[in-house]
Amino acid sequence: QVQLVESGGGLVQPGGSLRLSCVASGSINSIVVMRWHRQAPGKERELVARLSGIYATYYGDFVKGRFAISRDNAKRTVYLQMNSLKPEDTAVYYCDVGATWGQGIQVTVSS
């Protein structure tokens, strides 16, 4: 079973950017659907972005063009580029690759 390790989180000021990475321990070539989710304190987990294949994407309404999900099969990695970050984006972010979940990584948006 593939294991996942997320990185790239941290503290950023409002309006800033972060790129989250999710590296798999094995090949992801055959995995079609990849997702990023998030969970803020006291709130339910929500889907942030989904990538089906290489180009088919879906984003939560709250993203509004600010985030982009992508994959690099050669690096066994799925990315989430987050721009124009807002305090309400503060949450633990999880990658989901072929129904295997990462451990989560904290993103805090604050001045």
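Because the structure is predicted, anything quoted here is derived from the model rather than measured. Per chain, the residues get numbers from 1 upward, laid out in the order the sequence is written. Confidence filtering applies because this is a predicted model: local features only for residues at pLDDT of at least 70, side-chain atom pairs given and counted only at 80 or more, and all residues used for totals across whole chains, interfaces and linings. Side-chain measures here rest on the full set of heavy atoms in the structure, leaving out hydrogens and waters.

1. A look at the sheet that holds strand β8 (residues 77–82)
At least two bridges found by DSSP between two strands are what make those strands a pair. Counting from the N terminus, the helices are DSSP H or I runs at least four residues long and the strands are E runs at least two residues long. Strand order in this open sheet of four strands is β1-β3-β8-β7, and the pairing throughout is antiparallel. With partners counted over all chains shown, the strands left at the sheet margins are β1 (4–7) and β7 (67–72), one partner each. This sheet shows a mean twist of 15° between the axes of neighbouring strands, independent of strand direction. Taken together, the four bridges between β1 and strand β3 (residues 18–24) define a ladder with antiparallel strand orientation. In the sheet register, Ser7 faces β3, and the bridge partner there is Ser21. Lines are fitted to the C-alpha atoms to define the axes, a helix being fitted only along its stretch in contact, and any angle between axes, read from their N-to-C directions, falls within 0 to 180 degrees.

2. Some points on the state of the cysteines
Throughout, a disulfide means two cysteine sulfur atoms within 2.5 Å of one another. With the rule as written, the count across this model stands at one disulfide. With a sulfur-sulfur separation of 2.0 Å, Cys22 is cross-linked through a disulfide to Cys95. Judged by the sign of its S-S torsion, about 55°, the bond between Cys22 and Cys95 is right-handed. Placement of Cys22 in strand β3 and of Cys95 in strand β9 (residues 91–97) is noted, with a sequence separation of 73 residues between them.

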